[in-house]
Amino acid sequence: MNKLTLKVAALVAVYLSVSSAAAAEPKPQYGGFSPDADGHQAYLDYIHGLEMIPVEAGDELPQAVEAIPIESDIALTSEQEADLRGWLCDFLIAFSVSGNDSLAAEFYLREGVNNPDGIQKIKEQLAAFASGPAAARLKSMGKEIPEQPADDTPFALFQAMHRFSLNMKGRDYFFGNASFFDSSYRIFELQGAYKSYANYATTHGLLPTGGHIEWAPKLRKEIEERLKAGEQWVVAEFMFIAEEPEDSADFEKGPVRHPFFVRLVWSPEKAMWRLVEAFAPNNAPVLFLLKST
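In this report, the structure presented in the accompanying data block is examined. (Residues numbered from 1 in each chain as written. Predicted model: local features only at pLDDT ≥ 70, side-chain atom pairs only at ≥ 80, totals over all residues. Heavy atoms only, no water.)

### Description of the overall build of the protein chain
A count of helical and extended segments in the protein chain gives 10 helices and 8 strands. When the 293 residues of the protein chain are sorted by exposure, 49% land in the buried category. Long-range pairs, those at least 24 residues apart, make up 72% of the contacts in the protein chain between residues at least 6 apart in sequence. Of the roughly 14,000 Å² of accessible surface on the protein chain, 52% is carried by carbon and sulfur atoms. (Helix = DSSP H or I, 4+ residues; strand = E, 2+ residues; numbered from the N terminus. Buried < 20%, exposed > 50% of the residue type's maximum accessible area, 1.4 Å probe, protein only. Contact = heavy atoms within 4.5 Å. Areas by Shrake-Rupley, 256 points an atom, 1.4 Å probe, with all protein chains shown as cover.)

Written as structure tokens, this is what we have:
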């Protein structure tokens, strides 16, 4: 067995997060990269050795998502499981070659309008970039001036801002391929103080060195307060490996692959899973408007 095989074989550690002080320690599944140069190289070797599938409309992606195992002590209804898997499919497709600005806007407004202040901020940002110093800076960077939507509906604003985000990253979509090889849905009850999935991923080597970027919607603060008040919430969290589109990648380095992490809560009021956390490494070539939802 060569050194690379031994190194890859050693990349097993805790993936599932602890839901409360009383929760049992999760079984080892994924991660365990040491925070040094050797660990980072092992991480790169590992994710670049994974088999990927294209993120596009068709049968392959839904079948792959359907095969992701669910690890839970809580009995899920067929409605909950279908919406859980549907959330991931909808998210990936909206930001893939099969998506478009309208599908992205529909995804952002999947739960309805929950954050009027966030939408107002999008409107103000689009207006600010249309002229003046901000527009001059964009031109100096070789970036397009964002189009101003014909109306200021939430859908039109998300649609326009999504297109601007893609232009800022110099691409037409974010997801090219994905791997769910080590993915699983971890379902548990969260109670007491809010324990971030990002904190756990960082301390258990699930994120490479360099930090991460996080998107926390308005719901996050509400859940934190309601947990303090003694409520319990059913949570689903999972990760997958994403790869940027090949036509947007650096010619010499090739497409960037990175882990992507998601935490959802089940809302009995809306009868759907709602996003509370999403994050990825700082070098992930993606940019989302999830904080405005």
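That shown, we press on.
### Details of empty space enclosed by the protein
In total, this model carries 2 cavities of 30 Å³ or more according to the counting rule given. When its volume is computed, the largest cavity comes out at roughly 100 Å³. Along the walls of the largest cavity sit W87, F107, Y108, R110, E111, G112, N114, L275, L290 and T293, which together make up its complete lining. Grouping the amino acids of the lining of the largest cavity by side-chain chemistry returns 5 nonpolar, 3 polar and 2 charged. (1 Å grid on protein atoms, 1.4 Å probe; cavity = no way out; pocket = protein on both sides within 12 Å on 5 of 7 lines; lining within 4 Å. Points joined across faces, edges and corners; volume = space filled by probe spheres on them. Nonpolar A, V, L, I, M, F, W, Y, C, P; charged D, E, K, R; others polar.)

### A few points about the nonpolar core
Core analysis: the largest hydrophobic core is formed by 54 residues, its most contacted members being L88, F95, F180 and F288. Residues Y43, L50, A198 and L206 belong to the second largest nonpolar core, which totals 16 residues. (Core = buried A, V, L, I, M, F, W, Y, C linked by side-chain atoms within 4.5 Å.)

### Observations concerning the pairing of strand β7 (residues 257-267)
Side chains on a regular strand alternate between the two faces of the sheet. Most of β7 is tucked away, with 11 of its 11 residues classed as buried. Because side chains alternate across β7, one face comprises the buried residues R257, P259, F261, R263, V265 and S267, and the other comprises H258, F260, V262, L264 and W266, equally buried. The pairing of strand β6 (residues 232-243) with β7 spans 9 bridges and is antiparallel. Bridging from a neighbouring strand, E237 pairs with R263 of β7. Taken together, the 7 bridges between β7 and strand β8 (residues 272-281) define a ladder with antiparallel strand orientation. (Pairing = 2+ DSSP bridges.)

### As for unusual backbone geometry
In this structure, A271 is a non-glycine residue whose phi angle is positive, near 55 degrees. Secondary-structure assignment places A271 in the loop between β7 and β8. A residue is classified by how much of its surface remains accessible, and A271, at 32% relative accessible area, is partly exposed.

### What to know about the packing of helix α5 (residues 101-108) against helix α8 (residues 154-169)
Relative to each other, α5 and α8 sit at 120 degrees, their axes nearing to 8 Å. Between α5 and α8, the crossing angle belongs to the class labelled oblique. The element α5 and its partner α8 pack so that their crossing is right-handed. Contacts between α5 and α8 involve D101, S102, A104, A105, E106 and Y108 from the first element and F155, F158, Q159, H162, R163 and L166 from the second. Along the lines of polarity and charge, the residues of the contact of α5 with α8 split into 6 nonpolar, 3 polar and 3 charged. (Axes fitted to C-alpha atoms, helices over the stretch in contact; angles between N-to-C directions. Parallel < 35°, antiparallel > 145°, perpendicular 65-115°, else oblique. Left-handed = near helix turned anticlockwise from the far one by under 90°.)

### Here we look at the side chain of T293
With respect to the helices and strands, T293 occurs in the segment after β8. For T293, a relative accessible area of 17% gives the class buried. There is a polar contact of 2.7 Å between the side chain of T293 and the backbone oxygen of L290. (Polar contact = N/O pair within 3.5 Å; in protein donor to acceptor, adjacent residues only side chain to side chain.)

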